[in-house]
Amino acid sequence: GAVVSQHPSWVICKSGTSVKIECRSLDFQATTMFWYRQFPKQSLMLMATSNEGSKATYEQGVEKDKFLINHASLTLSTLTVTSAHPEDSSFYICSARIAGGGIGTDTQYFGPGTRLTVL
Amino acid sequence: DAKTTQPTSMDCAEGRAANLPCNHSTISGNEYVYWYRQIHSQGPQYIIHGLKNNETNEMASLIITEDRKSSTLILPHATLRDTAVYYCIVRVGLGNTPLVFGKGTRLSVIA
């Protein structure tokens, strides 16, 4: 159980184009999903928190108009990188929160990641 | 900001126990200790979490000191596939608070 998938696993695009990344919780419903990015040899950096049916909350320094997040259902969140540039090349990882049966059972499970390369 | 301190790297011989320490001296009473690992070019994998009691599952054991200011993750019989970056994270157990990752410990299991 607790499987999170991402699509695509990797993508190469030209500068100026937009890229959409999907994150799905396969065997559970996720009211909250999180988006992270990771540059080479660095740790994961939180980009935004996505709540089903409402606007995402972005971390300081993350442009909400550039990184569009949609969480239209309890099993799907999408991240669209608009007008991508080479500096947006990174490893993008989503995670979904399982709200369990009590305090301490709240756990985040991560997708396999999407490697974006912008030429 | 990450609220934990971990060694940058560690080596462990295959088949031996890997003991990964973590300091979290400013942990609050309602914060849990979570451990994740990230194998190269993959998403983080949940390992275990706990509040104050020691915990064990099929992957690992978590030992938390009585004052809760530090903890140790134990992989009882490390294999080459356990080579990864291990992250110790403290956060409240409920709500939408996301996991904040520090730099973690790079564990290398050596044959």
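Residues numbered from 1 in each chain as written. Chains lettered and ligands numbered in written order. Predicted model: local features only at pLDDT ≥ 70, side-chain atom pairs only at ≥ 80, totals over all residues. Heavy atoms only, no water.

Enquirer: Just give me the short version of the overall build of chain B, but keep the residues and values in it.
Expert: Across its full length, chain B holds 0 helices and 9 strands. Ordered by position from N to C terminus, the α and β elements of chain B give β-β-β-β-β-β-β-β-β. Its C-alpha atoms give chain B a radius of gyration of 13 Å, near enough to 13 Å, the size a compact globule of 111 residues would have. The burial tally for chain B puts 45% of its 111 residues in the buried class. Sequence-distant contacts, at least 24 apart, represent 57% of the contacts inside chain B between residues at least 6 apart. When the accessible surface of chain B is summed, it comes to about 5,700 Å², and 49% of that surface belongs to carbon and sulfur atoms. (Helix = DSSP H or I, 4+ residues; strand = E, 2+ residues; numbered from the N terminus. Rg over C-alpha atoms; globule rule 2.2 N^0.38 Å. Buried < 20%, exposed > 50% of the residue type's maximum accessible area, 1.4 Å probe, protein only. Contact = heavy atoms within 4.5 Å. Areas by Shrake-Rupley, 256 points an atom, 1.4 Å probe, with all protein chains shown as cover.)

Enquirer: Account for the pattern of salt bridges, with residues named and values stated.
Expert: Side-chain pairing between opposite charges can occur once the charged atoms of the two side chains come close. All names here are of chain B. By the definition in use, this model includes 4 salt bridges over all chains. One salt bridge connects E31 with K3, and the closest N-O pair in it is separated by 2.7 Å. Placement of E31 in strand 3 (residues 31–38) and of K3 in the segment before strand 1 (9–13) is noted, with a sequence separation of 28 residues between them. What makes E31 buried here is its relative accessible area of 8%. (Salt bridge = Lys/Arg side-chain N within 4 Å of Asp/Glu carboxyl O.)

Enquirer: Can you break down the sheet that holds strand 8 (residues 84–92) of chain B residue by residue, with the values?
Expert: All names here are of chain B. Taken in spatial order, the 5 strands make up an open sheet running 1-9-8-3-4, and their pairing is mixed. Strands with a single pairing partner mark the edges of an open sheet, and in this sheet they are strand 1 and strand 4 (45–50). Each neighbouring strand pair of the sheet contributes to a mean axis angle of 25 degrees, computed without reference to strand direction. Where strand 3 and strand 4 come together, 5 bridges link them in antiparallel fashion. Looking across to strand 4, one finds that V33 is bridged to G50. (Pairing = 2+ DSSP bridges. Axes fitted to C-alpha atoms, helices over the stretch in contact; angles between N-to-C directions.)

Enquirer: Describe the layout of surface pockets, naming the residues involved and giving the relevant values.
Expert: Over the atoms rolls a probe the size of a water molecule, and in doing so it shows where empty space is left. Of the voids in this model, the largest pocket is the one considered here, and its volume is about 610 Å³. In terms of lining, the largest pocket is formed by 24 residues, of which the most central are A:Q38, A:K41, A:Q42, B:V85 and B:R106. Only strand 8 and strand 9 (105–110) of chain B provide two or more residues apiece to the lining of the largest pocket. Looking at which element gives the most residues to the lining of the largest pocket, the answer is strand 8 of chain B, with 3 residues. For the lining of the largest pocket, the residue count by class is 7 nonpolar, 13 polar and 4 charged. (1 Å grid on protein atoms, 1.4 Å probe; cavity = no way out; pocket = protein on both sides within 12 Å on 5 of 7 lines; lining within 4 Å. Points joined across faces, edges and corners; volume = space filled by probe spheres on them. Nonpolar A, V, L, I, M, F, W, Y, C, P; charged D, E, K, R; others polar.)

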